[in-house]
4 protein chains.
Amino acid sequence: MKELFAFGQSILENQPFSVLLGTALDEFEPGKATLKLAVQDKLKQQHGFVHGGVVSYLADNALTYAGGSVLGDSVTSEYKINYLRPAIGELLVAQASVISSGKSQAVCQCQVLAVQDGEERMVAFAQGTIRKVV
Amino acid sequence: MKELFAFGQSILENQPFSVLLGTALDEFEPGKATLKLAVQDKLKQQHGFVHGGVVSYLADNALTYAGGSVLGDSVTSEYKINYLRPAIGELLVAQASVISSGKSQAVCQCQVLAVQDGEERMVAFAQGTIRKVV
Amino acid sequence: MKELFAFGQSILENQPFSVLLGTALDEFEPGKATLKLAVQDKLKQQHGFVHGGVVSYLADNALTYAGGSVLGDSVTSEYKINYLRPAIGELLVAQASVISSGKSQAVCQCQVLAVQDGEERMVAFAQGTIRKVV
Amino acid sequence: MKELFAFGQSILENQPFSVLLGTALDEFEPGKATLKLAVQDKLKQQHGFVHGGVVSYLADNALTYAGGSVLGDSVTSEYKINYLRPAIGELLVAQASVISSGKSQAVCQCQVLAVQDGEERMVAFAQGTIRKVV
């Protein structure tokens, strides 16, 4: 388990875009993954909310991690995301899990929470297909 | 038309996240919008491709612009994206257009191209719902 | 609660297409809905599995019921579905629930199970937006 | 070309569900497919519109045909659909085309039109992944 987590962290550290945003791996075990992202002003849009693109990025990455936890080296093939409310707060948390998996692909879901003053609100929900890299 | 374009540019300039990434508005007229993004190392993932989150962000933003071109101030309500191949090259171009629109929402589509050595390849395709902000 | 269920049943009875297929309402309470469909040969495709269109129909309808349970009279605005494995068995069960809801729309999810010889297998998973009819 | 069309027709004739609904293949060539469906009362919902499940079924099937035209024997892996307006009229037409394809899968899109008194209106738009059966 520790090995899986360390492996997950090393991937994140090797993604310049994830380093730029400041993404951290919080949980990574067979069937699920949690990513966290501290909100900074540079991640916002014109109304002061976290940019939807950041929320999507985090959901997409968490989906890939969840799928990768059962498939090994993987990429997101496709996903859909519903934005539920503006992302406001100090922290984003993306919790992804595997719905169903086979040999070469997994279907996963992810909820993205925004934490403001200690209170969590769901700001987005995503579902997607993760494909094993062969 | 010039006014619409200037308005579109001002929104982009007021999105700190778009400034961070370096997104530029290339085309913005009723029913369609094109965004461009010069590829930099900081936008990549561990294999040297542009991070999927960047591709998604650009598609999402272009969808909102296309919808906003007919609805006025708008947000993306939901979208789905299929990644078609690794995003490699110097430039990403997201071209979005309106499929159908009503008073309060528009359904739009977007193709994302990667330009490498002058050659364009489609790297992603998205479809989503844009909702007028009331 | 009984009233809600009776209302749900009356809608189903007034959908000629649902009558044609033989759909039954099994559970209908605030935030969730379950539809059941006995598998008949006429619902199959060329390999003897239940046609994907039937699985989609059932998921779509269950999503609308789940959304409608909190919104009132509603329609599906959009949804995405992942087919997970061939739908084989005597019975399909679509269980939908509300992920998040506001005044005018709800985002819902639905799993479709196929029951064969008493054993349940998830055959599809869907996520969509339900909109209140005004 | 005639062979491809005949092959496509034979598949449709071997889908009991498509026979039940009355689906006809109208166009089938490399990269695109068109399905038609005459509207009957049995295909409607409680407000007299064609049931969304029928629209979805037709889009899903047309997507599979479009993908299958370049991949061979195929199934829909996933798709998303946006309903644009109530489906009213005498005829539904689903026109699908390939956006991008590889060896094992194709991403396709489909518009569904309703024809009423000779006038076509787009009632739904879909995007999905078609996977070659191996």
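Every residue gets a number counted from 1 within its own chain, in the order that chain's sequence is written. Throughout, the order in which chains and ligands are written sets their labels, letters from A for the former and numbers from 1 for the latter. Restriction of local features to residues with pLDDT of at least 70 applies here, the model being predicted, together with a cutoff of 80 or more for giving and counting side-chain atom pairs; totals for whole chains, interfaces and linings are based on all residues.

(A) Summary view of the sheet that holds strand β6 (residues 119-132) of chain C. Strand order in the open sheet formed by 12 strands is β1(C)-β2(C)-β4(C)-β5(C)-β6(C)-β3(C)-β3(D)-β6(D)-β5(D)-β4(D)-β2(D)-β1(D), with antiparallel pairing between adjacent strands. Both edges of this open sheet fall to β1 (23-29) of chain C together with β1 (23-29) of chain D, since each of them pairs with a single strand only. Mean inter-strand twist for the sheet, computed between neighbouring axes without regard to direction, equals 20°. As paired strands, β1 of chain C and strand β2 (residues 32-38) of chain C are joined by six bridges and run antiparallel to one another. Its bridge partner lying in β2 of chain C, Glu27 of chain C is registered against Thr34 of chain C. Two strands are counted as paired when DSSP detects at least two bridges linking them. Runs of H or I in DSSP of at least four residues are treated as helices and runs of E of at least two as strands, each being numbered from the N terminus. Here an angle of 0 to 180 degrees is reported between the N-to-C directions of two axes, which are lines fitted to C-alpha atoms, with helices fitted over the stretch in contact.

(B) Inspection of the confidence of the model for chain A at higher detail. The quantity called pLDDT is the predictor's confidence in a given residue, expressed from 0 to 100. On average, residues of chain A carry a pLDDT of 97, and 100% of them reach 70 or more. What the predictor reports for the complex is a pTM of 0.98 with an ipTM of 0.97.

(C) Spotlight on helix α3 (residues 52-71) of chain A. Multiplying 1.5 Å by the helix residue count minus one yields the expected span of that helix. Look at α3 of chain A: 28 Å from first C-alpha to last across 20 residues, which is about the 28 Å you get at 1.5 Å a residue. Put plainly, a residue is buried at 20 or more neighbouring C-beta atoms within 10 Å of its own, exposed at 12 or fewer, and partly exposed in between, counting only other residues' C-beta atoms, which are placed from the backbone. With 19 of its 20 residues buried, α3 of chain A lies for the most part within the structure.

(D) Main features of the pairing of strand β3 (residues 74-83) of chain D. Among the 10 residues of β3 of chain D, nine are classified as buried, and the element is accordingly described as predominantly covered. Inspection of the sheet shows strand β3 (residues 74-83) of chain C paired to β3 of chain D by five bridges, in the antiparallel sense. Paired with Asn82 of chain C across the two strands is Glu78 of chain D, which belongs to β3 of chain D. Pairing of β3 of chain D with strand β6 (residues 119-132) of chain D, which is carried by nine bridges, proceeds in the antiparallel orientation. From the neighbouring strand, Ser74 of chain D faces β6 of chain D, where its bridge partner is Lys132 of chain D.

(E) Broad picture of the pairing of strand β5 (residues 105-116) of chain A. All names here are of chain A. Among the 12 residues of β5, nine are classified as buried, and the element is accordingly described as predominantly covered. Strand direction decides the pairing type here: strand β4 (residues 91-101) and β5, joined by 10 bridges, are antiparallel. Bridge assignment links Val98 to a residue of β5, and that residue is Cys108. Here β4 folds back onto β5, and the loop between the two strands holds three residues.

(F) Layout of unusual backbone geometry. Residues and elements named next belong to chain A. Phi angles above zero are rare outside glycine, and Asp117 is one such case at about 50°. One can find Asp117 in the loop between β5 and β6 (119-132). A tally of 6 C-beta atoms within 10 Å means that Asp117 is categorised as exposed.

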